[in-house]
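Residue-level listing of the chains:
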Amino acid sequence: MSSTRRNLARLAFCAAAAAVVLLLAVAGLRDSLNLILAAVLGSAVGLAAAWWFLTHRGVQRWLAGVVVVLAPLTVTVFYAQQRLLWVVLLFGALWAAAIAAGRRALAEPGDGPEEFETPAPRHPYLIMNPRSGGGKVERFRLAERARELGARVHVIDEPDTDVAELARQALRDGADLLGVAGGDGTQALVAGIAAEHGVPFLVISAGTRNHFALDLGLDRDDPSTCLDALTDGVEVHIDLGRIGDRTFVNNASFGAYAAVVQSPAYRDDKVGTTLDLLPETLAGPNGPQLELRVDGVTVTGPQAVLVSNNPYATADIAGLGHRPRLDQGALGVLAVTVHGTADAARLVGGRGRARSVLIRTSTTAVVEAAAPEVPVGVDGESILMPTPVVCEIRPTALRVRVPRRRPGVPPMLPEMDWTRLRRRGGGPPPP
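Calculation rules
- Residues numbered from 1 in each chain as written.
- Predicted model: local features only at pLDDT ≥ 70, side-chain atom pairs only at ≥ 80, totals over all residues.
- Heavy atoms only, no water.
- Helix = DSSP H or I, 4+ residues; strand = E, 2+ residues; numbered from the N terminus.
- Buried < 20%, exposed > 50% of the residue type's maximum accessible area, 1.4 Å probe, protein only.
- Contact = heavy atoms within 4.5 Å.
- Lys, Arg positive; Asp, Glu negative; His and termini not counted.
- Charge placed at Lys NZ, Arg CZ, Asp CG, Glu CD.
- Salt bridge = Lys/Arg side-chain N within 4 Å of Asp/Glu carboxyl O.
- UniProt positions renumbered as here; feature names shortened; annotations may be inferred.
- Expected span 1.5 Å × (residues − 1).
- Bend = angle between axes of the 7 residues up to and from the residue.
- Core = buried A, V, L, I, M, F, W, Y, C linked by side-chain atoms within 4.5 Å.
- Axes fitted to C-alpha atoms, helices over the stretch in contact; angles between N-to-C directions.
- Parallel < 35°, antiparallel > 145°, perpendicular 65-115°, else oblique.
- Left-handed = near helix turned anticlockwise from the far one by under 90°.
- Nonpolar A, V, L, I, M, F, W, Y, C, P; charged D, E, K, R; others polar.
- Patch = residues over 30% accessible without salt bridge, like charges linked within 9 Å, V, L, I, M, F, W, Y side chains within 5 Å.
- Areas by Shrake-Rupley, 256 points an atom, 1.4 Å probe, with all protein chains shown as cover.
- Pairing = 2+ DSSP bridges.

Chemist: Explanation requested: the overall build of the chain in the structure shown.
Modeler: Regarding its fold elements, the chain presents 13 helices and 17 strands. Taken along its principal axes, the extent of the C-alpha atoms in the chain is 80 × 55 × 45 Å. By residue count, 45% of the 431 residues in the chain fall in the buried class. The long-range share in the chain, meaning contacts at least 24 apart out of those at least 6 apart in sequence, stands at 73%. If you average the places of the 43 positive and of the 43 negative side-chain charges in the chain, the two averages end up 9 Å apart.

Right under this line is the structure:
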């Protein structure tokens, strides 16, 4: 174990102990319990009001919105009246520092996928979308640079271009590598064709969010560096997700979000359309009415289901921005089921979250619905799919050519575990 991680573990215990001592020394035991109780009650009321806001319209929605704002303000005023606001703020800062140091101390260095030395492609074919990422293809001169490196480049000039047929025709013409500069949806489409024909695939981070590129360890700030793989690259073999007859590289989402983005009005008014449709999709009788089956477990009535190509880091589910590995041969499955304000309020506690949030890894997940078709968001693209929808993992199905020198995948920070941290730091038991 490195001395840095040992010192971080000890720092975590020191910060946590300082936070507890500060609270007890200044506020005393009774007031400390009152402060904690106020925080728990305020959080529970805020969560319940947020659920009411999302699932109702009109006056009820805006009254709930007022409660969402007033709940934390009321707790803050209570702390101020007790002249303990500074104590709470300092306690929060110390505890946050303890958690941050502890998670970094527990983090293990990632090995990353195995790299394979392979000859550089002789006939690479790249498809570039000039509209992706706010015009990154033109801004970084990607087409010109790729042609200088010997690649054939097709810049999409029509929005209805059949990208799949372009890729297949390129293979018939002798291409030995397919690549895409564009969004993750286009990446997934061409990646599926590359996997089908056993040719390597090149990801150029010219989309908006570039989640796939992030989890491959590529440079998202300068997509031109991805082209280095054409001359000085290595291969990694990663998994692909399969949903029905489609490939996905990131995730497939079911439920409220997927149903909302199906609306024709969503493109012109995202916020208004979302607020208008959420009551029906979250709690109405005409919502998606989903059922998830995974690993022998059945979840009835989840409002949201996310199936990802390899699991996301536990602490990053909300952001959906980081998967530590893409070659674990497993889907990540997340389902959220909240049946009312009581369930929403219980999310403040560990038992409530465990009851409402299911997290699994599996090779297969099946989503059923009451309707013959269900809206699904596949790598950001909203489509309708016949039910039941079967999601599967295809282990090491895709050969990806990446630059030899690249930023790499951010390290995964695990959940806090005071027992493991005590062993790592040789410190006292947790407070």
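Chemist: Which parts of the structure should I look at to understand the pattern of salt bridges?
Modeler: Taken as a whole, this structure holds 14 salt bridges when the rule is applied. Residues Asp232 and Arg405 are paired through a salt bridge, measuring 3.0 Å at the closest nitrogen-oxygen approach. Of this pair, Asp232 sits in the loop between helix H8 (211-215) and strand S6 (233-243) while Arg405 is found in the loop between strand S17 (389-403) and helix H13 (418-425), placing the two residues 173 residues apart along the sequence. On the basis of relative accessible area, Arg405 is assigned to the exposed category, the value being 67%. Two residues, Arg399 and Glu235, come together in a salt bridge whose shortest N-O distance is 2.7 Å.

Chemist: Just to check I follow, could you spell out the UniProt feature "domain: DAGKc" (unreviewed entry) in the chain for this structure?
Modeler: In this structure's numbering, the residues bearing the UniProt feature "domain: DAGKc" (unreviewed entry) are residues 119-247. Structurally, residues 119-247 comprises 31% helix and 24% strand, and the distance from its first C-alpha atom to its last is 27 Å.

Chemist: Teacher, can you tell me more about helix H10 (residues 270-283) here?
Modeler: What sets the pattern is the α-helix's 3.6 residues per turn: residues three or four places apart point alike. In this model, H10 (14 residues) spans 20 Å end to end at C-alpha, consistent with the 20 Å of a helix rising 1.5 Å per residue. Where H10 bends most, at Leu277, the angle is about 45°, and the proline Pro279 comes one to four residues later. Considered for burial, the residues of H10 that qualify are Thr273, Leu278, Pro279, Thr281 and Leu282. On the buried face of H10, the contacting elements are helix H1 (3-55), helix H2 (58-81) and helix H9 (256-260).

Chemist: Mind showing me how you'd approach unusual backbone geometry here?
Modeler: For residues other than glycine, phi is negative in most cases, and the peptide bonds are mostly trans. Of note, the amide linkage connecting Thr387 to Pro388 takes the cis form, showing an omega dihedral of 0°. Here Asp295, not a glycine, exhibits a phi torsion of approximately 55°, which is positive. Residue position: Asp295 is located in the loop between strand S9 (290-294) and strand S10 (297-300). Notably, Asn310 is not glycine yet its phi reads approximately 75°, a positive angle. Checked against the element boundaries, Asn310 lands in the loop between strand S11 (304-309) and strand S12 (331-336).

Chemist: Whenever I open this one, the nonpolar core confuses me. Can you help?
Modeler: Across soluble globular proteins, nonpolar side chains have a tendency to be buried as a group. Leu126, Met128, Leu178, Phe201 and Leu398 are the most contacted members of the largest nonpolar core, which totals 52 residues. Every residue in contact with Leu178, bar those within four places of it in the chain, is listed here: Tyr125, Ala167, Ala170, Leu171, Val190, Ile193, Ala194, Val199, Pro200, Phe201 and Leu202. Ranked by size, the runner-up nonpolar core spans 25 residues in total, among them Ile243, Val294, Val299 and Ile383.

Chemist: Where do I start with the packing of H1 against helix H3 (residues 85-106) in this structure?
Modeler: Helix packing for two helices is described by the angle between their axes and how far apart those axes are. Look at H1 against H3: their axes get within 8 Å of each other, and the N-to-C directions meet at 155°. With respect to H3, the element H1 is oriented roughly antiparallel. Relative to H3, the crossing made by H1 is left-handed. Residue composition of the contact of H1 with H3, grouped by class: 23 nonpolar, one polar and two charged.

Chemist: I tried to follow a nonpolar patch on the surface on my own but got confused; where do I start?
Modeler: On the surface, a nonpolar cluster with roughly 590 Å² of combined accessible area is contributed by Leu24, Leu29, Leu33, Ile36, Val40, Leu47 and Val348. Tracing the backbone through its elements, the reader meets Leu33 in helix H1. Relative accessible area serves as the criterion here: at 51%, Leu33 is assigned to the exposed category.

Chemist: Sorry, what's going on with the UniProt feature "transmembrane region" (unreviewed entry) in the chain here?
Modeler: Per the UniProt entry, the sites bearing "transmembrane region" (unreviewed entry) are residues 7-29, 35-54 and 61-79 in this numbering. End-to-end, the C-alpha atoms of residues 7-29 are 30 Å apart, and along that stretch the chain is 100% helix and 0% strand. Here residues 35-54 is 100% helix and 0% strand, with 29 Å between the C-alpha atoms at its ends.

Chemist: What is the right way to read helix H7 (residues 184-197) from this model?
Modeler: For H7, spanning 14 residues, the distance from its first C-alpha to its last is 20 Å, which sits close to the expected 20 Å at 1.5 Å a residue. Along H7, the residues classified as buried are Asp184, Gln187, Ala188, Val190, Ala191, Gly192, Ile193, Ala194 and Ala195. Positive backbone phi, at 70°, marks Gly198, one or two positions downstream of H7.

Chemist: Just checking my understanding: could you explain the sheet that holds strand S13 (residues 357-362) for this structure?
Modeler: Either a parallel or an antiparallel arrangement is found when strands of a sheet pair, and the pairing is made through backbone hydrogen bonds. If you walk across this open sheet you meet the six strands as S13-S12-S11-S8-S15-S16, and the pairing is antiparallel. The open sheet terminates on both sides in strands that have one partner only, identified here as S13 and strand S16 (381-386). Averaged over neighbouring strand pairs, the angle between their axes works out to 20° when direction is ignored. Summarising the sheet, S11 and S12 pair through six bridges and their orientation is antiparallel.

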